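# Structural overview for review
What follows is the residue order along each chain.
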Amino acid sequence: MSTVAEMIVRALAEQGVTSAWGVVGDALNPITDAIRRDERIEWIGVRHEEVAAFAAGAQAQLTGRLGLCMGTVGPGSIHLLNGLYDAKKSHAPVLAICGQVPTEEIGSNFFQEVNNDVLFSDVAVFAHTVTSASQMPQLLEQAVNAAMARHGVAVLTVPGDVGGLELPKDARVPQFAPARAESAAPQAQIEGVAKVLNDAESVTLLVGMGARDAREEVLQLAERLESPMVLTLKAKEGLERDNRFQIGQTGLIGNPSAAKALDDADVVFLVGTDFPYRDWYPKDKTVVQLDQEAAHIGRRTQVDHALVGHVQPTLEALLPSLDRGRSDKHLQKAVKAYSSWVERQRRLTDPDHDTTLLGRIRSIGDNPDERIRPESVAAALDRHAASDAIFTSDTGMSTVWLSRFITFSGRRRLLGSYNLGSMANAMPQALGAQALDRDRQVIACCGDGGLMMLLGDLRTAVTYRLPVTFVVFDNGRLGMVKLEQEEGGLPEFGTQLDNPVIASVATSMGLKGLRVSSPDDLDQAVQEALAAREPVLLDVVTNPDEVSLPPKATPAEAWGFAIAKAKETLESR
Ligand SMILES: Cc1ncc(C[n+]2csc(CCOP(=O)(O)OP(=O)(O)O)c2C)c(N)n1
């Protein structure tokens, strides 16, 4: 005889789930007890359920397998929401098992009762409540199949009295659907696109994470077309290394050579990307888009020629039809511009070098020379991190520094809240990554604002022996908002953070806490933090005035920045 809860846990363990993240509580008791007895899934009890959902989403993104998180009745489940939205928008298959009031009370506005099927209806591809044992295993199968096939969130709500119900004697063993086969776009589409590409003088590729498993084909495409390749942030991992065609990112975090290469091309070829920023697509180009989802075609910019299929088999079918022997002028121009931008960036990490306009504007305020530049922190991490390190970055300026200074050579991986754009993601995602493999180096690049939002779960790293390196860009600010305000010509308001000494907080929470505030000590501190084989928090006091201007700042933004600085200076006098 087995129960609903036991069936769920057994089936999930057999599906490859290795961790369950959540906070225990009444309605979940039969399920968490089944986890305890089964022993194949590690229970990781967090301090806030949002952390559970972010961690499960991180695991799903890194492995392609199902992530699992749990929240108990009402508020415990509501707390999952933000992390589940991140999973949804990152296309991560995650199952959330939520508690519910006893079945006889459902609908009576009982204590803590929330209608989960309605609550999760926007975030989930499947959200249903199990009210009897006879619905199993069908509801579980549908939930897992929906999450896996539609790369999204499934929510299974289990009232307290249902988890412990015995299954009927003839209950089936759950069976999950195999993955869908990858298919190429139709031949007629491929032939049409081959002609467009062969006729074009210059082609620039914008490549997203949909192409991550097609590295060889994408490189061959760039070679055949002599095309510069702009990578989205999410495509950096896997595609940046050993790639002479790549010219970094575009968009707010990007670099001017990427935007220019897109502007200069006759044809822009979007490969496996849903890059959302409309303003950063070039105008009046012939646009080709390859995506496995027909619904993604043309939703960011007008598209002239569509290829609907998976990237790898479609490019494999397209490549033989592309002419060889094209001029490499367009490629060389873009690569040269990119290399000189990289060199200028590298000089920014040199503390003695600040001759830029930005540096001069900054010096209107106060003398920043003694403070650590965040760029230098990212550059030091890049130098000393392992070639297979997993990086996570918080929404905020740390994502900018990471995208510009951390290179994704070797087998490094990268996670962030790059589609939802939630703060506080880096720490929980790092916990999720580390629980998959405690021997692999995991580095969380956290904003001080982001870290403090879910601070309690630093302790989870200690409790579960997750030796993450948390690096805090401690600028005492909501830095990205400060930048937005200044670009809009507003004086800085509401962005200052009255932080405690974050390293000391970490120490009292049982982590190794290190604090560094002088540029001279930075490199040594980064090495020491990365060498620790325990949870460590490196609190780097960085210069809050260090901002990054977008690669194509409009005159209005540049003026706004100058005016804001002048206002702040006058007001401080
Ligand atoms: C949950 C959430 N709240 C608010 C925002 C808006 N927001 C985006 S970045 C940011 C500031 C981030 O500050 P911090 O974590 O200190 O990083 P910094 O930009 O200073 O590096 C804010 C408030 C958000 N994206 N997510």
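The structure contained in this document is the topic of the report that follows. Keep in mind it's a predicted model, so treat the numbers as computed, not measured. Position labels on residues start from 1 in each chain and follow its written sequence. The predicted origin of the model limits local features to residues at a pLDDT of at least 70 and limits the giving and counting of side-chain atom pairs to 80 or more, whereas totals for whole chains, interfaces and linings rest on all residues. Side-chain numbers come from the whole structure's heavy atoms, not from hydrogens or water.

### Regarding the packing of helix α3 (residues 49–63) against helix α17 (residues 426–436)
Look at α3 against α17: their axes get within 7 Å of each other, and the N-to-C directions meet at 50°. Taken as axis vectors, α3 and α17 run oblique relative to one another. The interaxial crossing formed by α3 with α17 has right-handed handedness. On α17, the residues touching V51, F54, A55, A58, Q59, Q61, L62 and T63 of α3 are P428, Q429, L431, G432, A433, A435 and L436. Taken together, the residues of the contact of α3 with α17 sort by class into 10 nonpolar, 5 polar and no charged. Axis definition: a line fit to C-alpha positions, over the contact stretch in the case of helices; interaxial angles, taken between N-to-C directions, run 0 to 180 degrees. For the purposes of this entry, the term helix denotes a DSSP run of H or I that reaches at least four residues, the term strand denotes a run of E that reaches at least two, and both are numbered from the N terminus. With respect to orientation, any angle under 35 degrees is reported as roughly parallel, any angle over 145 as roughly antiparallel, any angle of 65 to 115 as roughly perpendicular, and every other angle as oblique. Each crossing gets its handedness from the near helix: less than a right angle anticlockwise from the far helix is left-handed, clockwise is right-handed. Any pair of residues with heavy atoms lying within 4.5 Å of one another is described as a contacting pair. Polarity classes work like this: nonpolar for Ala, Val, Leu, Ile, Met, Phe, Trp, Tyr, Cys and Pro, charged for Asp, Glu, Lys and Arg, and polar for all others, with Gly in that last group.

### Looking at the nonpolar core
The term nonpolar core refers to a set of buried residues drawn from Ala, Val, Leu, Ile, Met, Phe, Trp, Tyr and Cys, joined through side-chain atoms within 4.5 Å. Each residue is assigned to one of three classes by its accessible area relative to the maximum for its type, calculated with a 1.4 Å probe on protein chains only: buried under 20%, partly exposed between the two thresholds, exposed over 50%. One finds W21, C69, L84 and F470 to be the most contacted residues of the largest nonpolar core, which totals 54 residues. Per-element tally for this core: the top contributor is α3, with 8 residues. The contacts of F470, once residues within four sequence positions are left out, are M427, L431, A444, C446, L458, A461, L511, V536, L537 and L538. If you look at the next biggest cluster of nonpolar residues, it comprises 52 residues, including A211, A259, W280 and L318.

### Quick look at the environment of A378
Within the secondary structure, A378 is located in helix α15 (residues 374–384). Discounting chain neighbours no more than four positions away, the residues touching A378 are W401, F405 and I406.

### Quick notes on helix α9 (residues 215–225)
Taken across its 11 residues, α9 has 8 buried, putting it largely inside the fold. Here α9 has its buried residues at R215, E217, V218, L219, L221, A222, R224 and L225. Residues of α9 that are buried in the fold lie against α8 (187–199), β7 (203–207), β8 (229–231), α10 (236–239), β9 (267–271) and α12 (311–318). Positive phi shows up at E226, right after α9, with a value of about 50°.

### Focus on the sheet that holds strand β6 (residues 153–159)
Between any two strands, pairing holds if DSSP finds at least two bridges. As summarised here, the arrangement of the 6 strands in space is β2-β1-β3-β4-β6-β5, forming an open sheet in which the pairing is parallel. Each end of this open sheet is capped by a strand with a single partner; those strands are β2 (42–45) and β5 (124–129). Adjacent strand axes in the sheet meet at a mean angle of 20° when their direction is disregarded. With 7 bridges connecting them, strand β4 (residues 94–100) and β6 associate as parallel partners. For A96, the partnering residue across the bridge sits in β6 and is V155.

### Observations regarding the packing of aromatic side chains
Between the rings of Phe, Tyr and Trp (Trp by its six-membered ring), a pair exists once the centres lie within 6.5 Å; its type follows the angle of the planes, with under 30 degrees stacked, over 60 edge-to-face, and the other angles tilted. If you walk through the whole model with that rule in mind, you get 4 aromatic pairs. With centroids separated by 5.8 Å and ring planes inclined at 65°, the aromatic side chains of F275 and Y281 adopt a geometry described as edge-to-face. Y281 matches F275 in its accessibility class, with the two residues each being buried. Judged by centre distance (6.2 Å) and plane angle (25°), the rings of Y338 and W341 are stacked. One end of the pair, Y338, and the other, W341, are both in helix α13 (residues 329–348), 3 residues apart, so they sit about a helical turn from each other. Take Y338 and W341: they sit in the same class, and that class is buried. Ring-pair connections join several aromatic residues into one group, and the members of that group are F275, Y277 and Y281.

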